[in-house]
Amino acid sequence: MSKFEMFKMSKVNQSPVVKKERKSIIKATTHIGELFDDILDAYIPESSPIRTSQSQKRPLESPGFRVPKISKTPTRTSHQPSRLSRSIPCSLSPVNASPSQTYSQRKGSGDVVNTFNEGGLSTVTDWSGQGGGVKISLSSSSLTKPYQYMFQKLSAKAESLDEHLEIMGEMLATQHGGQFENLAKPSQGECKVVGRVCCDSTGKMNACSVVLEGSIDVSYGKRVSVDLRAMDKYALFPGQIVAFEGTNPTGRKFIPTKILEPVPLKKRVMTSDKPVTIFGACGPYSSQDSLSYEPLADLLTKVQEELPDVLILLGPFVDVKHPLVEKCDVGEMTLDELFESQIRHIQQTIPDSTNLVIVPSQRDAACSFVYPQPPPNFNITSPNLTFASDPCVLEVNGVSVAMTSTDVLFHLSSEEISHPPGSDRMGRLAGHLLNQHNFYLYTLPLRTSTSTTHI
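Residues numbered from 1 in each chain as written. Predicted model: local features only at pLDDT ≥ 70, side-chain atom pairs only at ≥ 80, totals over all residues. Heavy atoms only, no water.

S.K.: Can you walk me through the overall build of the protein in this structure?
M.R.: When its secondary structure is counted, the protein shows 10 helices and 14 strands. Each of the 455 residues in the protein was classed as buried or not, and the buried ones make up 37%. Considering only contacts in the protein between residues 6 or more positions apart, those separated by 24 or more positions represent 71%. Taken as a whole, the protein presents about 29,200 Å² of accessible surface, with 54% of it coming from carbon and sulfur. (Helix = DSSP H or I, 4+ residues; strand = E, 2+ residues; numbered from the N terminus. Buried < 20%, exposed > 50% of the residue type's maximum accessible area, 1.4 Å probe, protein only. Contact = heavy atoms within 4.5 Å. Areas by Shrake-Rupley, 256 points an atom, 1.4 Å probe, with all protein chains shown as cover.)

So, in structure tokens, the structure goes:
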């Protein structure tokens, strides 16, 4: 018998083998952790001791995120102290927000840090609002809706800068009398010129790198270097519009001897005889160790007590530089929902006689990161609620209130040069802001800011 026949007979004599498949039923579930447990149950025998520990399931968590546990029926005995000294509004804080330790341990709460025109406030005895009769409106220069930024042509930018230079030049000429001459024209005698301060290099400007750019109408847009050695006192920065008096012997270098006084802002007169109380605050409204928004809750409590006529709140409300916001640890709410819930709670908390003005910030997580910044776009309407842009000018009973949440003085302080040293630096920087009639004075914004030319 051949080997093939012997192999065939051995296969025939063997008993048939029936393959049994173990069927497992996986129940539909909404939690991915339970789905993994059902799959494991299909491969673990029923007699295995591992099944006895299935009642104690470990929650599925990633290393950087924990699912907040919310007790459905919280209980507390009468002898247990509360973790919060006061209740934090749930609409202001995320679900998993904890009280701030740094804010609760702060010192000097309620102290008056500084008072302006203290001598003229001796007759004021009541800071409460008048309970209505205050008319507020936004000026025509403020933004009212979003716009397409990053679509600007270079020609439009140059035209806008030159237009602002011509307007300021006409105001300076009216104040000092006469007309300004071409700054590139050779002149052996004293002459008056006006232009925009620029730097002749890409680095930080110094006393040896100052150039003056004239307008297209008067100086054909030419630039000349400025020799400041004859000046006893000056304070300059890139983008500043300044008027000099001096000589230009060669037409290539202007030697100033004096800086002409800038044009002051016009004084406004109130249209109402009644005093107006305005409260103003600038964010962020939470400490760095928590998103409980306790400072904002204290501010609203003060507003309920004093009843001001106008409450101006500048952002950021949801700060992108907050450590918890950077890690997206804000609970179950999105950043837009957190911002909108804060506005709704503020609007419902303040009295009806108080006008609320909301100004965004470039650090707001739910707003456009551009300057000028359009107002927030939320579906919230109320007679005493106004969404304003950054920057904006608010008219309150005939008085103009200019506002911006961008730290212009900080940007300006890193670029200004002055002589002699030792003068009032902060007062000088604030004076630049008023004398230039502009919200953002520096022509080339810093890396930490995003700006356009139409300001």
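S.K.: Explain unusual backbone geometry here, please?
M.R.: Excluding glycine, a negative phi dihedral is what most residues carry, and trans is how most peptide bonds are arranged. Following glycine 283, the chain continues to proline 284 via a peptide bond in cis, the omega torsion being 5°. One can find proline 284 in the loop between strand E8 (278–282) and helix H6 (294–306). Here the bond from aspartate 390 into proline 391 is cis, since omega is 5°, no more than 30 degrees from zero. Of note, proline 391 is situated in the loop between strand E11 (385–387) and strand E12 (392–396). The backbone phi angle of methionine 150 is positive, close to 65°, even though this residue is not glycine. Within the secondary structure layout, methionine 150 lies in the loop between strand E1 (136–138) and helix H4 (154–176). Of note in this structure, cysteine 328 is not a glycine but carries a positive phi near 60°. Turning to its location among the elements, cysteine 328 is positioned in the loop between helix H7 (323–326) and helix H8 (335–349).

S.K.: What exactly am I supposed to notice about the sheet that holds E12 here?
M.R.: Strand pairing in a sheet relies on backbone hydrogen bonds. The paired strands run either parallel or antiparallel. Strand order in the open sheet made by the 3 strands is E1-E12-E13, with antiparallel pairing throughout. Strand pairing shows two members of the sheet lacking a second neighbour, E1 and strand E13 (399–403), which therefore form its edges. On average, each strand axis in the sheet is inclined to that of its neighbour by 25°, with strand direction left out of account. Both E1 and E12 contribute to a ladder of 3 bridges, which runs antiparallel. Pairing of leucine 138 across the sheet is with leucine 394, part of E12. (Pairing = 2+ DSSP bridges. Axes fitted to C-alpha atoms, helices over the stretch in contact; angles between N-to-C directions.)

S.K.: Help me out: how do you make sense of the side chain of serine 209 in this one?
M.R.: Take serine 209: it is sitting in the loop between strand E2 (187–199) and strand E3 (210–213). At 2.9 Å, the side chain of serine 209 forms a polar contact with the backbone nitrogen of asparagine 206. With residues near it in sequence (within four places) discarded, serine 209 still touches Cys198, Cys199, Asp200 and Lys204. (Polar contact = N/O pair within 3.5 Å; in protein donor to acceptor, adjacent residues only side chain to side chain.)

S.K.: Honestly, empty space enclosed by the protein in this entry has me stumped. Any pointers?
M.R.: In the structure shown here, the tally under the stated rule is 1 cavity of 30 Å³ or more. For the largest cavity, the calculated volume is near 30 Å³. As for the largest cavity, its lining consists of Phe180, Glu181, Val194, Ser215, Val218 and Ser219. Residues of the lining of the largest cavity, tallied by class, amount to 3 nonpolar, 2 polar and 1 charged. (1 Å grid on protein atoms, 1.4 Å probe; cavity = no way out; pocket = protein on both sides within 12 Å on 5 of 7 lines; lining within 4 Å. Points joined across faces, edges and corners; volume = space filled by probe spheres on them. Nonpolar A, V, L, I, M, F, W, Y, C, P; charged D, E, K, R; others polar.)

S.K.: Is there a simple way to explain the layout of surface pockets in this structure?
M.R.: Where empty space is left can be seen by rolling a probe of water-molecule size over the atoms. Estimated volume of the second largest pocket: approximately 840 Å³. Considering the residues around the second largest pocket, the lining is formed by 22 residues, among which Val112, Ile278, Phe279, Gly280 and Lys302 are closest to the centre. Within the residue set of the lining of the second largest pocket, elements represented by two or more residues are E8 and H6. Among the elements that make up the lining of the second largest pocket, the one with the highest residue count is E8 (5 residues). Counted by class, the lining of the second largest pocket contains 15 nonpolar, 5 polar and 2 charged residues.

S.K.: Just checking my understanding: could you explain H8 for this structure?
M.R.: Side chains of residues three or four places apart in an α-helix project in the same direction, reflecting 3.6 residues per turn. Along its 15 residues, H8 runs 21 Å from first to last C-alpha, staying within 8% of the 21 Å computed at 1.5 Å per residue. Those residues of H8 not exposed but buried are Leu338, Phe339, Ser341, Gln342, Ile343, His345, Ile346 and Gln347. Against H6, strand E9 (310–314), strand E10 (355–359) and E11 lie the buried residues of H8. (Expected span 1.5 Å × (residues − 1).)

S.K.: Sorry if this is basic, but what is going on with the packing of aromatic side chains here?
M.R.: In this description, a pair of aromatic rings is defined by centroid distance and the angle of the planes. For the coordinates displayed, the defined rule picks out 7 aromatic pairs. One aromatic cluster in this structure is built from Tyr285, Phe317, Phe339, Phe378 and Phe387. Here the guanidinium or amino end of arginine 106 rests over the ring plane of tyrosine 103, the centre of that ring lying 3.8 Å away. (Phe/Tyr/Trp six-rings, centres within 6.5 Å; stacked < 30°, edge-to-face > 60°. Lys NZ or Arg CZ within 6 Å of the ring centre and 35° of its normal.)

S.K.: I tried to follow a nonpolar patch on the surface on my own but got confused; where do I start?
M.R.: Where nonpolar side chains cluster on the molecular surface, the patch consists of Tyr149, Met150 and Phe151 and spans about 410 Å² of accessible area. Tracing the backbone shows tyrosine 149 in the loop between E1 and H4. (Patch = residues over 30% accessible without salt bridge, like charges linked within 9 Å, V, L, I, M, F, W, Y side chains within 5 Å. Salt bridge = Lys/Arg side-chain N within 4 Å of Asp/Glu carboxyl O.)

S.K.: Quick question: what am I supposed to make of the packing of H6 against H8 here?
M.R.: What describes two packed helices is the angle between their axes and the distance between those same axes. Relative orientation of the contacting elements H6 and H8 amounts to 20°, with a least axis distance of 10 Å. In terms of axis orientation, H6 runs roughly parallel to H8. The crossing of H6 and H8 is right-handed. Side by side, H6 and H8 meet where Leu296, Leu300 and Gln304 of the first sit next to His345, Ile346 and Thr349 of the second. By residue class, the composition of the contact of H6 with H8 is 3 nonpolar, 3 polar and no charged. (Parallel < 35°, antiparallel > 145°, perpendicular 65-115°, else oblique. Left-handed = near helix turned anticlockwise from the far one by under 90°.)

S.K.: I'm lost on the sheet that holds strand E4 (residues 223–226) in this one. Help?
M.R.: Pairing in this closed barrel of 5 strands is mixed, and the strands run E2-E3-E4-E7-E6 around the ring. The sheet shows a mean angle of 55° between the axes of neighbouring strands, direction not considered. Both E3 and E4 contribute to a ladder of 3 bridges, which runs antiparallel. Across the sheet, leucine 212 pairs through a bridge with valine 224, a residue of E4. In the packing of H4 onto the sheet, the strands contacted are E2, E3 and strand E6 (241–248), and the crossing angle to E2 comes to about 140°.

S.K.: Honestly, the pairing of E8 in this entry has me stumped. Any pointers?
M.R.: Within a regular beta strand, the side chains point alternately toward one face of the sheet and then the other, so they alternate between its two faces. Judged by which residues are buried, E8 turns out to be one-sided: Phe279 and Ala281 face inward and are buried, whereas Ile278, Gly280 and Cys282, on the alternate face, are not. For E8 and E9, the ladder comprises 5 bridges, and the chain directions are parallel. Counted as the bridge partner of glycine 280 is isoleucine 312 from E9. Handedness of the E8-H6-E9 crossover: right-handed. (Right-handed = clockwise from strand over helix to strand, strands pointing away.)

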